Amino acid sequence: MVSARCDCRLIGEGFHMRLGVFRSACVLGAALLSACTNGSSTSKQPQAPADEIVIGVAGPMSGALKPFGEQLRRGAQQAVADLNAQGGVLGKQVRLVIGDDQCDPPRAVRVANNLVNKGVVFVAGHFCSGSSIPASEIYAEEGIVQITPASTNPKLTEMAAADGVQTLFRTTGRDDRQGTFAGAWLATKYAGKNVAILHDRSAYGREVADEALRAMEAAGLKAALRDTYAQKQADFSALIAKLKNSNIDAVYIGGYHNDVALIVRQAREQGFNGEFASVDALNTSEFWRIAGSSGKGVRFTDAASLADLPGARTVVANFRAHGSEPEGYALNAYAAVQAWAAGAEIAKSTIGSDIAAALHANTIPTVLGDLDWDAKGDLKNPRYAWYVWSGGEFFEEP
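Residues numbered from 1 in each chain as written. Predicted model: local features only at pLDDT ≥ 70, side-chain atom pairs only at ≥ 80, totals over all residues. Heavy atoms only, no water.

What follows is about the nonpolar core. Side chains of nonpolar character tend, in soluble globular proteins, to be buried together. Membership of the largest hydrophobic core comes to 68 residues, with the highest contact counts inside it found for Ile55, Phe122, Phe127, Ile147, Tyr252, Val337 and Trp340. At eleven residues, the largest contribution of residues to this core is made by helix 13 (residues 330-347). Filtering out sequence-adjacent residues up to four positions away, Ile55 remains in contact with Val80, Val94, Arg95, Leu96, Val97, Val120, Val121, Phe122, Val337 and Trp340. Counting 30 residues, the second largest nonpolar core, distinct from the first, contains Tyr229, Val260, Phe276 and Trp389. (Core = buried A, V, L, I, M, F, W, Y, C linked by side-chain atoms within 4.5 Å. Buried < 20%, exposed > 50% of the residue type's maximum accessible area, 1.4 Å probe, protein only. Helix = DSSP H or I, 4+ residues; strand = E, 2+ residues; numbered from the N terminus. Contact = heavy atoms within 4.5 Å.)

Closest axis-to-axis distance for the helix 5 (residues 129-142)/helix 6 (residues 154-162) pair is 9 Å, and the angle between their directions is 20 degrees. Overall, the two elements helix 5 and helix 6 adopt an arrangement that is roughly parallel. With respect to the hand of their crossing, helix 5 and helix 6 are arranged in right-handed fashion. Contacts from Ser132, Ile133 and Ser136 of helix 5 reach helix 6 at Lys155, Leu156 and Met159. When the residues that make up the contact of helix 5 with helix 6 are grouped by side-chain class, the tally is three nonpolar, two polar and one charged. (Axes fitted to C-alpha atoms, helices over the stretch in contact; angles between N-to-C directions. Parallel < 35°, antiparallel > 145°, perpendicular 65-115°, else oblique. Left-handed = near helix turned anticlockwise from the far one by under 90°. Nonpolar A, V, L, I, M, F, W, Y, C, P; charged D, E, K, R; others polar.)

Turn by turn, an α-helix covers 3.6 residues, leaving residues three or four places apart pointing in a common direction. Its 13 residues place the ends of helix 10 (residues 257-269) 18 Å apart at the C-alpha level, agreeing with the 18 Å of an ideal helix rising 1.5 Å per residue. Among the 13 residues in helix 10, ten count as buried, and that is most of the element. For helix 10, the full list of buried residues reads His257, Asn258, Asp259, Val260, Ala261, Leu262, Ile263, Val264, Gln266 and Ala267. Tucked inside the fold, the buried residues of helix 10 contact helix 3 (66-85), helix 9 (237-245), strand 8 (250-254), strand 9 (275-278) and helix 11 (285-291). Looking one or two places after helix 10, you find Gly271, whose phi comes out positive at around 85 degrees. (Expected span 1.5 Å × (residues − 1).)

Let's shift gears to the packing of aromatic side chains. One pass over the full model with this rule turns up 19 aromatic pairs. Centre to centre, the rings of Phe300 and Tyr387 are 5.4 Å apart; their planes meet at 15 degrees, and the pair counts as stacked. Of this pair, Phe300 sits in strand 10 (residues 299-303) while Tyr387 sits in strand 13 (residues 384-390), and the two are 87 residues apart along the sequence. Per residue, the accessibility class of Phe300 equals that of Tyr387, and both read buried. Geometrically, the ring pair formed by Trp389 and Phe394 is edge-to-face, given 5.0 Å between the ring centres and 75 degrees between the ring planes. Trp389 gets classed as buried once you look at its relative accessible area, which sits at 1%. Joined through ring pairs, the aromatic side chains of Phe287, Trp288, Phe300, Tyr387, Trp389 and Phe394 make up one cluster. (Phe/Tyr/Trp six-rings, centres within 6.5 Å; stacked < 30°, edge-to-face > 60°.)

This paragraph deals with the sheet that holds strand 10. The seven strands lie next to each other as 7-6-8-9-10-13-14, forming an open sheet whose pairing is mixed. Each edge of the open sheet is held by one strand with a lone partner, namely strand 7 (225-228) and strand 14 (393-396). Pairs of neighbouring strands in the sheet enclose a mean axial angle of 25 degrees, with direction left out of account. Across two bridges, the pairing between strand 9 and strand 10 is parallel. Looking at the pairing, Ala277 lines up with Arg299 of strand 10. Here helix 8 (residues 203-218) sits on the sheet in contact with strand 6 (195-199), strand 7 and strand 8, set at roughly 155 degrees to strand 6. Sheet contacts for helix 9: strand 6, strand 7 and strand 8; angle to strand 7, the most-contacted strand, approximately 175 degrees. (Pairing = 2+ DSSP bridges.)

This part is about the sheet that holds strand 2 (residues 93-100). If you trace the five strands from one edge of the open sheet to the other, you get 2-1-3-4-5, paired in parallel fashion. A strand with exactly one partner marks an edge of an open sheet, and here the two such strands are strand 2 and strand 5 (168-170). Averaged over neighbouring strand pairs, the angle between their axes works out to 20 degrees when direction is ignored. Two strands pair when backbone bridges link them, and strand 3 (residues 122-125) and strand 4 (residues 145-148) are joined in this way by three bridges, in the parallel orientation. Bridge pairing in strand 4 links Ala124 to Ile147. Along the sheet face, helix 3 touches strand 1 (52-59) and strand 2 and points at about 170 degrees away from the line of strand 2. In this fold helix 14 (residues 352-361) packs onto strand 4 and strand 5, with an angle of close to 45 degrees to the strand it touches most, strand 4.

Enumeration over the complete set of coordinates arrives at one disulfide. With its sulfur 1.9 Å from that of its partner, Cys103 forms a disulfide with Cys128. Residues Cys103 and Cys128 are joined by a disulfide whose S-S torsion is about 90 degrees; by sign, that bridge is right-handed. Highlighted residues: Cys103 in the loop between strand 2 and helix 4 (105-117) and Cys128 in the loop between strand 3 and helix 5, separated in sequence by 25 residues. (Disulfide = S-S within 2.5 Å.)

The buried fraction of strand 8 amounts to five of the five residues, a majority that puts the element mostly inside the structure. Burial of strand 8 is two-sided: the residues Ala250, Tyr252 and Gly254 facing one way and the residues Val251 and Ile253 facing the other way are all buried. Pairing of strand 6 with strand 8 involves five bridges; the strand directions are parallel. Pairing of Leu198 across the sheet is with Ile253, part of strand 8. Summarising the sheet, strand 8 and strand 9 pair through three bridges and their orientation is parallel. The partner of Tyr252 across the bridge, within strand 9, is Ala277. Read as a crossover between parallel neighbours, the route from strand 8 over helix 10 to strand 9 is right-handed. (Right-handed = clockwise from strand over helix to strand, strands pointing away.)

Encoded structure:
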């Protein structure tokens, strides 16, 4: 069992969350350590039945960001169903267990320990970077491959690589690359105009907004307004007043879909007519449900669509046959499971280090196309595009 380690890690969370760094530690002084006696673990993971392999998917399966957790769950479930229909992995059936972290870092630590206790050899997750970062330490310590379909903060892989971790990967890009793509576009699209850069103070929102700001200003366009807001606010009137008073022509927001949708809706209701652009967290139908028709014309960056690739068409058809549209990160989660399975088949092993070595050394065909990772586990060539909302759907711009 590894649960003895959990209390020490949770104590560490409280000290680091304010800095946006979600690293666990059990060296917080004698007073704190007295509550964490013998925090290390020497026991082995429980063994799954001989005829099955246990893997996990983790994310916000409940709470405000539940739509994204559902995307991860649906993607992983469909991938497991398809693998098992084709004979499983290494001749064994795959069983999926689900962890709900609600995008809360301390809860993510408990989820990670629980998944380890259930004998998982692989985890597709988590969704929020703030959850993936502390959970990744547990998976790394246990030698479990973690492939996140959605966590984009650069610190996740940078910190792991600095610690020599080789078992962590992404099937999505990084915030710095997404922000750079957006910032260069903003400088060209709104040359000579007033642009505001906002973020929600989260690790995710802050990182991508800061990178967009750097790229935009490097390209010659200075921000007319920089500001932040608290997540889950009900009233954004004060922020909207700042946008109006600053004669803002366009707003770029680093944050989650629920807050961005409310900002957009309230801005339109209060007579602000500037354009809005945001990040990949807007790739859920929940954005339109909250924003309504005010969301028309709102843009967001995301990976360039790959749903029409030959390798994706059958998978997309399978999703739809089961009454599910593979929106958002569903295909990223599917690809994470695919990549793990391919690595296991190449390595002829479910040992994490063996699979990681196979993934680092090979190009892996997935529903997202052929994936290659660098030494840190980041995708070598992520491709971004702009999407625009209209009539309750979003479309990739040419």
